[in-house]
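If you want the building blocks of each chain, they are given just below.
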Amino acid sequence: MYARDTQQNQGAGGFSLASRAYANRDGEDEIVARENGVFGARTINETQARYRRLRSRQNGEAGSPTISVPDAFTGGGPPLQLSFSNQDHFEGQNVTTFTHGPHTLRWGGRLRGVSLKDQDTQNYTGSYTFSSLDSYRLTLLGLQNGLTPAQIRASGGGASQFSLAGGDPLSTLSQVDAGGFFQDDWRMRSNLTLSLGIRYEGQTNLRDRRDIAPRMGIAWGVGPKTGTVKTILRAGAGVFYDRVSESLALDAIRRDGVHQQQFVVNSPDFYPLIPSLAQLAGNREPQSIRKVDARMRAPQLLQTAFGVERQLPKNIVLTANYVHTRGLHSLRSRNINAPLPGGGIQPYGPTTAIYLYEASGSFKQDQLIAGVDARVSPELTIAGSYTLNKAMSDTDGAGSFPADPYNLRPEYGRAGFDVRHRVQLNGSIEAPWGLRLSPLLTVASGRPFNVTLGRDLNGDTMFTDRPAVATDASRPGVVRTAFGAFDLAPQPGQAIVPRNYGRGPGQVAMNLRLTKTIEIGGESKASKNQSGAKDSGRDPRELVFSISARNLLNHPNLANPVGNLSSTLFGRSVALAGGAAGSRRLDLQIRFGF
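Residues numbered from 1 in each chain as written. Predicted model: local features only at pLDDT ≥ 70, side-chain atom pairs only at ≥ 80, totals over all residues. Heavy atoms only, no water.

Overview of the overall build of the chain
Here is step 1 of the chain: Across its full length, the chain holds four helices and 32 strands.
Here is step 2 of the chain: Residues classed as buried in the chain amount to 37% of the 594 residues present.
Here is step 3 of the chain: Here the analysis covers contacts within the chain between residues at least 6 apart in sequence; of these, 68% occur between residues at least 24 apart.
Here is step 4 of the chain: The averaged location of the 50 negative side-chain charges in the chain is 5 Å from the averaged location of its 66 positive side-chain charges. (Helix = DSSP H or I, 4+ residues; strand = E, 2+ residues; numbered from the N terminus. Buried < 20%, exposed > 50% of the residue type's maximum accessible area, 1.4 Å probe, protein only. Contact = heavy atoms within 4.5 Å. Lys, Arg positive; Asp, Glu negative; His and termini not counted. Charge placed at Lys NZ, Arg CZ, Asp CG, Glu CD.)

Things to note about the pairing of strand β2 (residues 22-39)
Here is step 1 of the chain: Bridge count for strand β1 (residues 2-10) against β2 is seven bridges, and the pairing is antiparallel. Following the sheet pairing, D5 is matched in β2 by D26.
Here is step 2 of the chain: Direction of pairing for β2 relative to strand β3 (residues 43-59): antiparallel, over a ladder of 17 bridges. Directly across from D29, in β3, lies its bridge partner R53.
Here is step 3 of the chain: Hairpin connection of β2 to β3: three residues between the antiparallel strands, including G40 at a positive phi of 75°. (Pairing = 2+ DSSP bridges.)

Quick notes on the nonpolar core
Soluble globular proteins tend to bury their nonpolar side chains together.
Here is step 1 of the chain: Counting 14 residues, the largest nonpolar core has F130 and Y136 as the members making the most contacts within it.
Here is step 2 of the chain: Of all the elements in the fold, those that place two or more residues in this core are β4 (66-69), β9 (161-167) and β14 (260-266).
Here is step 3 of the chain: In this structure, F130 is in contact with I67, S68, V69, P70, S135, Y136, T139, G158, A159, S160 and Y271, ignoring residues within four places of it in sequence.
Here is step 4 of the chain: Counting twelve residues, the second largest nonpolar core, distinct from the first, contains L206, V239, L248 and A398. (Core = buried A, V, L, I, M, F, W, Y, C linked by side-chain atoms within 4.5 Å.)

Let's talk about the packing of aromatic side chains
Here is step 1 of the chain: Under the counting rule described, the total for this entry stands at 13 aromatic pairs.
Here is step 2 of the chain: Pairing F130 with Y271 gives two aromatic rings, centres 5.3 Å apart and planes at 90°, and the pair type is edge-to-face. Separated by 141 residues along the polypeptide, F130 in the loop between β8 (127-129) and α1 (133-144) and Y271 in the loop between β14 and α4 (277-282) bring together distant segments of the chain.
Here is step 3 of the chain: Using a relative accessible area of 0% as the deciding quantity, one classes F130 as buried.
Here is step 4 of the chain: Arranged with centres 5.4 Å apart and planes meeting at 80°, the rings of Y355 and F401 form a pair that is edge-to-face. Residue Y355 is located in strand β18 (residues 352-377), and its partner F401 is located in the loop between β19 (380-393) and β20 (413-414); the two are separated by 46 residues in the primary sequence.
Here is step 5 of the chain: On the basis of relative accessibility, which here comes to 7%, the residue Y355 falls in the buried class.
Here is step 6 of the chain: In this structure F401 comes out as buried when scored by relative accessible area, which is 16%.
Here is step 7 of the chain: Here the basic side chain of R290 rests over the ring of Y357, its NZ or CZ set 3.8 Å away from the ring centre. (Phe/Tyr/Trp six-rings, centres within 6.5 Å; stacked < 30°, edge-to-face > 60°. Lys NZ or Arg CZ within 6 Å of the ring centre and 35° of its normal.)

Quick word on the layout of surface pockets
Here is step 1 of the chain: Computed from the structure, the second largest pocket encloses a volume of approximately 520 Å³.
Here is step 2 of the chain: Looking at the second largest pocket, it is lined by 22 residues, and the ones nearest its centre are D404, L457, N458, D465 and I496.
Here is step 3 of the chain: Counted by class, the lining of the second largest pocket contains 13 nonpolar, six polar and three charged residues. (1 Å grid on protein atoms, 1.4 Å probe; cavity = no way out; pocket = protein on both sides within 12 Å on 5 of 7 lines; lining within 4 Å. Points joined across faces, edges and corners; volume = space filled by probe spheres on them. Nonpolar A, V, L, I, M, F, W, Y, C, P; charged D, E, K, R; others polar.)

Quick look at helix α3 (residues 246-254)
Here is step 1 of the chain: The element α3 is extensively covered by neighbouring structure, given that seven of its nine residues are classed as buried.
Here is step 2 of the chain: Residues of α3 that are buried: E246, L248, A249, L250, D251, A252 and R254.

Observations regarding the pairing of strand β10 (residues 170-189)
Here is step 1 of the chain: Note: strand β7 (residues 103-119) against β10, 17 bridges, orientation antiparallel. Within β10, the residue paired with H103 across the bridge is W186.
Here is step 2 of the chain: Counting the residues between successive antiparallel strands, the hairpin from β10 to strand β11 (residues 192-203) contains two residues.

As for the environment of D88
Here is step 1 of the chain: Looking at where D88 falls in the secondary structure, it is placed in strand β6 (residues 82-100).
Here is step 2 of the chain: Taking the C-alpha atoms as reference points, D88 and S115, separated by 27 residues in sequence, lie 5.2 Å from one another.
Here is step 3 of the chain: Among all residues touching D88, those that are not within four sequence positions of it are Y51, R52, R53, R55, G113, V114 and S115.
Here is step 4 of the chain: In this structure the side chain of D88 is engaged in a polar contact, spanning 3.4 Å, whose partner is the side chain of R55. (Polar contact = N/O pair within 3.5 Å; in protein donor to acceptor, adjacent residues only side chain to side chain.)

Quick word on the environment of T172
Here is step 1 of the chain: Here T172 is to be found in strand β10.
Here is step 2 of the chain: Residue classification places T172 among the partly exposed residues on the basis of a relative accessible area of 49%.
Here is step 3 of the chain: As a C-alpha pair, T172 and L116 span 56 residues in sequence and 5.4 Å in three-dimensional space.
Here is step 4 of the chain: Ignoring sequence-local partners within four residues, the contact set of T172 consists of L116, K117, L250 and I253.

With respect to α1
Here is step 1 of the chain: The terminal C-alpha atoms of α1 lie 17 Å apart, and with twelve residues this matches the ideal 16 Å at 1.5 Å per residue to within 8%.
Here is step 2 of the chain: Within the span of α1, buried status applies to S135, Y136, L138, T139 and G142. All buried residues of α1 lie within an arc of 165° about the axis, which places them on one face of the element.
Here is step 3 of the chain: Tucked inside the fold, the buried residues of α1 contact β4, β5 (73-76) and α2 (149-154).
Here is step 4 of the chain: G146, located one to two residues past α1, shows a positive phi value of around 75°. (Expected span 1.5 Å × (residues − 1). Arc of directions from axis to C-beta.)

Some points on unusual backbone geometry
Here is step 1 of the chain: Cis peptide bonds are those with omega within 30 degrees of zero, and the linkage from Y271 to P272 qualifies with 5°.
Here is step 2 of the chain: Tracing the backbone through its elements, the reader meets P272 in the loop between β14 and α4.
Here is step 3 of the chain: Residues other than glycine seldom take positive phi values, yet S267 does so here, at roughly 50°.
Here is step 4 of the chain: As for its placement among the helices and strands, S267 is situated in the loop between β14 and α4.
Here is step 5 of the chain: Judged by its relative accessible area of 40%, S267 is partly exposed.
Here is step 6 of the chain: Here K314, not a glycine, exhibits a phi torsion of approximately 65°, which is positive.
Here is step 7 of the chain: Mapped onto the elements, K314 comes out in the loop between β16 (300-312) and β17 (316-335).
Here is step 8 of the chain: When its relative accessible area of 71% is taken as the criterion, K314 is described as exposed.

Structure representation (structure tokens):
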């Protein structure tokens, strides 16, 4: 595979002003080799090797600092200068299938590796953060009137935070992961199959070596011992592991406090100037450091599923499945050097903010999935599904921070992927002139979003603090919104709102793919197969022309509303879901197969 993509004016849109735009260029090359071997009548061996080369380059003429007013606007210059990411991925896998009586045995393994060379110039020109539009306006007004920094801050202005990156922007990293498995599909009876398996996985840049994953499943065809079975019951349970991305280790290398430095100054009084690294180091300003927890474990999923499948007349199949998933060791970030409650003492000294990647989160998800598949005719196939989903968690990924780094209990709430209802309809229609239409309609309820104060009340350098549910509407600082009444000045011990308290707008998307296949060759010449018999078939050469329309109806799917209560735009959606990619898009493609 060979692909090249160049895009201009990236980084602009939504809250980000046009002055933030930069150019992006991506390249992807992939080579895949496969070999299948048949050994006798009972053994098949499959081998695959893959090499994937990714190149990404971003270039912005950054000459001025970023100015950020959360959930209002982000201005200033581009967020980066010359940045690039070179990735080389290698993968090899081998699987053997052996049949012995009622048993079908499968075993094999996979080895993957990635080599990274990454240059990141994000924030090398600095960023100023203002808590509100009013504080930014008062700052500009004070500068125009010649006020001192102290006078500007006394009037309610002044930036709440300044951050600046410096040092060597280039980092390199290699990571390898490997896994092996064994599985036995035992056909106990003609209508009853039991599957037992086990898998083991491990990776570098992670000390965890306990990723053993047993799995089992059973399928029972309900009905007569002879004839067609029309009802199938299925059940299964297993342990699964997610690999920890190499990006976490790369970030820890880059921001170790030496290789690449990140300086954070709270309540700076030098706007709009950019101090040098020497000035920041001389003044002993806090420097943020990224670390990966030495006790990090691979995220673990414990999953059970039950399902039923029923075949109806007219080639219609109905399915219903229930899936329960329990997630352990989910990833999150936390400032482990934030001031301790009560005394304000920083555990590792007052000079650094230490952002730790750790696997201390959890989630629980329950899904009920109903589906229908109707093969009406060779020219028409229709399928649809409905998913009822409930997901609760205390983290939304490796980059999410809690409101209070020393109290994680209030973080348990709706997960970011808690899309309660989802309906999908798709099909395949053979039209005249050899055309094939493949429509896909998706309708989904909204995703949760976080409601925050837009201020850092506990000194952990993160603006993730949440309000409390108002219990006394007469207290100053209580605001009423369409999502409820919130207390912006929570008292000690007062319960704050759960994470992801709000619910965003629903989504509707209609996609359509139109294809036309032209066979170039006719009948191929007769050839001998492995048994020595002659084969004859069609010449595999063909041209496939396709047009893909995303969001064909150009329905405006709005992004989640602004959740910052300090913003005048709170509760309003100010961008499209997926950014510019959420608008109607047409892709033209030509593929040659041989």
